[in-house]
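# Geometric and topological summary
Okay, here's what each chain looks like letter by letter:
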Amino acid sequence: EISSYSPSIRAKKYLARTFQTVKLADSLSARENVMLHVRGQAGSRLFAAVALRLRWREEERRVLNAADTVLAKLSVEQLALEPSEQLSFGQRKLVAFCGALISRSAVMLLDEPFTGVDLAKARLIADNLRGLANEGRHVLFVEHNMTMVAHIAARVLALDRGCLIADGLPGDVLGSNRLAGAYLE
């Protein structure tokens, strides 16, 4: 139960989020944007950065290597040094997803993670999402690509105008008459 915690504490300790409209620091490279999401870095506080310079350098190398590993998981390691402002929409989505992955959050909230991403990269995202479930992490995502929903989700909640119209296993929900009626009206 985390509802009693402030939003900043929830975000720091438990949640990672991606947005439908990607939010990256455009002046930073793709790698640097991913590195921003690593929690508890030694250099994230001024005193630690100055007093623990040697530790900070080691930590920086560790974080850089971790970012490169996550970028490679989604086959976008070639984008590591690219300024984020020069990335396509799909590439920006992948970098944002890498940031969520590297955060090691217990819960990931993803808004249309497959939109704007080619099929090969969408499959890599799907594989990583299934891997998170195997690690005991939780994913809640909003998605209109029903093929990907059926492929990944253990449970589906379908909404129509903000109201729950179906809840259950992907095959049951996606094949329901109520869902078809809501989207074919």
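For the structure, check the block above.
First, a word on what this report is: a plain description of the structure on this page. (Residues numbered from 1 in each chain as written. Predicted model: local features only at pLDDT ≥ 70, side-chain atom pairs only at ≥ 80, totals over all residues. Heavy atoms only, no water.)

### Observations regarding the packing of aromatic side chains
- For the coordinates displayed, the defined rule picks out one aromatic pair.
- Seen from the ring of Phe19, Lys23 lies directly overhead, with NZ or CZ sitting 5.0 Å from the centre. (Phe/Tyr/Trp six-rings, centres within 6.5 Å; stacked < 30°, edge-to-face > 60°. Lys NZ or Arg CZ within 6 Å of the ring centre and 35° of its normal.)

### Observations concerning unusual backbone geometry
- One non-glycine residue, Arg104, adopts positive backbone phi at about 60°.
- Turning to its location among the elements, Arg104 is positioned in the loop between helix H5 (89-102) and strand S2 (107-111).
- At Glu112, a residue that is not glycine, the phi angle is positive and equals roughly 50°.
- With respect to the secondary-structure elements, Glu112 resides in the loop between S2 and helix H6 (119-134). (Helix = DSSP H or I, 4+ residues; strand = E, 2+ residues; numbered from the N terminus.)

### Remarks on the pattern of salt bridges
- If you walk through the whole model with that rule in mind, you get eight salt bridges.
- Arg92 serves as the salt-bridge partner of Asp26, at 2.8 Å between the closest nitrogen and oxygen. Here Arg92 lies in helix H5 and Asp26 lies in the loop between strand S1 (15-18) and helix H2 (30-35), a separation of 66 residues in the sequence.
- What makes Asp26 partly exposed here is its relative accessible area of 32%.
- The class for Arg92 is buried, based on a relative accessible area of 13%.
- Asp127 is the partner of Arg130 in a salt bridge, and the nearest nitrogen-oxygen pair spans 2.4 Å. A residue pair is termed a helical-turn pair when its members lie 3 or 4 positions apart in one helix, as Arg130 and Asp127 do in helix H6 at three residues.
- Residue classification places Asp127 among the partly exposed positions, given a relative accessible area of 41%.
- The structure contains a network of salt bridges with shared partners spanning Arg104, Glu135 and Arg137. (Salt bridge = Lys/Arg side-chain N within 4 Å of Asp/Glu carboxyl O. Buried < 20%, exposed > 50% of the residue type's maximum accessible area, 1.4 Å probe, protein only.)

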